[in-house]
Amino acid sequence: MVSDEQNHNVSRRQFLTYTLTGVGGFMAAGIILPMARFAIDPVLQAESEGDMKAVASVDDLTDQPQRFDFSYDQVDAWVTSEVTETAWIYQEGDEITALSPTCTHLGCTVGWEANQDHPNQFFCPCHGGRFQKDGTNIEGTPPTEPLHKYEVEVRQGTVYVGKAESQL
């Protein structure tokens, strides 16, 4: 009597099918996995948007907004580039305020006291948008929300700014 184990024969055709399927699957995985990792890896990286950037010395601040430019390296997926941004910073008492210069109407750049007809205001020359010193939009002008405000931190006499966020 022959047992089931001894009677289980694999034909040449089945052997070749199993072998080629296994080798083909291994080769496909070797090609697809690195491509998937390349595409997905940037999404899995920790965000660096919350990182604080050194902008100015506290000693340089006044009660009037001043323009400070700052640069940092930004990593977008696998490309690193240098980015330059601007902040309007002023200090009243112990409070330091840093505002984004980007108009909330159409993204133009605003300037402090940029229009003689509107002193002590931020002014957007493109569409006449105006903002008060604290970034609040002035009613009757195109912007519908205040200037975005940077997160501010002071460390050892240096002002650091983080991500600009809406004041709403």
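Residues numbered from 1 in each chain as written. Predicted model: local features only at pLDDT ≥ 70, side-chain atom pairs only at ≥ 80, totals over all residues. Heavy atoms only, no water.

Peer 1: Honestly, a nonpolar patch on the surface in this entry has me stumped. Any pointers?
Peer 2: Where nonpolar side chains cluster on the molecular surface, the patch consists of Val-10, Phe-15, Leu-16, Tyr-18 and Leu-20 and spans about 580 Å² of accessible area. Looking at where Leu-16 falls in the secondary structure, it is placed in helix α2 (residues 12-44). (Patch = residues over 30% accessible without salt bridge, like charges linked within 9 Å, V, L, I, M, F, W, Y side chains within 5 Å. Areas by Shrake-Rupley, 256 points an atom, 1.4 Å probe, with all protein chains shown as cover. Salt bridge = Lys/Arg side-chain N within 4 Å of Asp/Glu carboxyl O. Helix = DSSP H or I, 4+ residues; strand = E, 2+ residues; numbered from the N terminus.)

Peer 1: Please clarify how the environment of Ala-54 should be interpreted in this entry.
Peer 2: With respect to the helices and strands, the residue Ala-54 is situated in strand β1 (residues 53-57). As for Ala-54 and Gln-66, which are separated by 12 residues in sequence, their C-alpha atoms are 15 Å apart. The residues touching Ala-54, leaving out its near neighbours within four places in the chain, are Phe-70, Thr-158, Val-159 and Tyr-160. (Contact = heavy atoms within 4.5 Å.)

Peer 1: In this structure, what is going on with the pairing of strand β9 (residues 158-165)? I would like to understand it.
Peer 2: Side-chain direction in a regular strand flips from residue to residue, so the side chains alternate between the two faces of the sheet. Strand direction decides the pairing type here: β1 and β9, joined by 4 bridges, are antiparallel. Among the inter-strand pairings, Lys-53 is bridged to a residue of β9, identified as Val-161. As judged from the 6 bridges shared by strand β8 (residues 149-155) and β9, these two strands associate in the antiparallel manner. Directly across from Glu-153, in β9, lies its bridge partner Tyr-160. Once β8 ends, the chain turns through 2 residues before running back antiparallel as β9, passing Gln-156 with a positive phi of about 50 degrees. (Pairing = 2+ DSSP bridges.)

Peer 1: Help me understand the packing of aromatic side chains in this model?
Peer 2: Where two aromatic rings form a pair, the distance of their centres and the angle of their planes describe that pair. Considering all chains together, one arrives at 4 aromatic pairs under this definition. Taking 6.1 Å as the distance between ring centres and 75 degrees as the angle between the ring planes, the aromatic pair formed by Phe-70 and Tyr-150 counts as edge-to-face. One end of the pair, Phe-70, is in strand β2 (residues 66-76); the other, Tyr-150, is in strand β8, with 80 residues separating them in the sequence. Here Tyr-150 falls in the buried class, since its relative accessible area comes to 7%. Joined through ring pairs, the aromatic side chains of Phe-70, Tyr-72 and Tyr-150 make up one cluster. Positioned above the aromatic ring of Tyr-72, the side-chain terminus of Lys-53 is 4.4 Å from the ring centre. (Phe/Tyr/Trp six-rings, centres within 6.5 Å; stacked < 30°, edge-to-face > 60°. Buried < 20%, exposed > 50% of the residue type's maximum accessible area, 1.4 Å probe, protein only. Lys NZ or Arg CZ within 6 Å of the ring centre and 35° of its normal.)

Peer 1: Got a minute to help me understand the pattern of salt bridges in this structure?
Peer 2: Side chains carrying opposite charge are able to pair once their charged atoms draw close together. As enumerated under the stated definition, the model contains 3 salt bridges in all. Residue Asp-69 is joined to Arg-67 by a salt bridge in which the shortest nitrogen-to-oxygen separation is 3.2 Å. By relative accessible area, which is 48% here, Arg-67 ends up partly exposed. A salt bridge links Glu-153 to Arg-155; the shortest N-O distance between them is 2.6 Å. For Glu-153, a relative accessible area of 30% corresponds to the partly exposed category.

Geometric descriptors of this kind do not, in isolation, establish any biological role.
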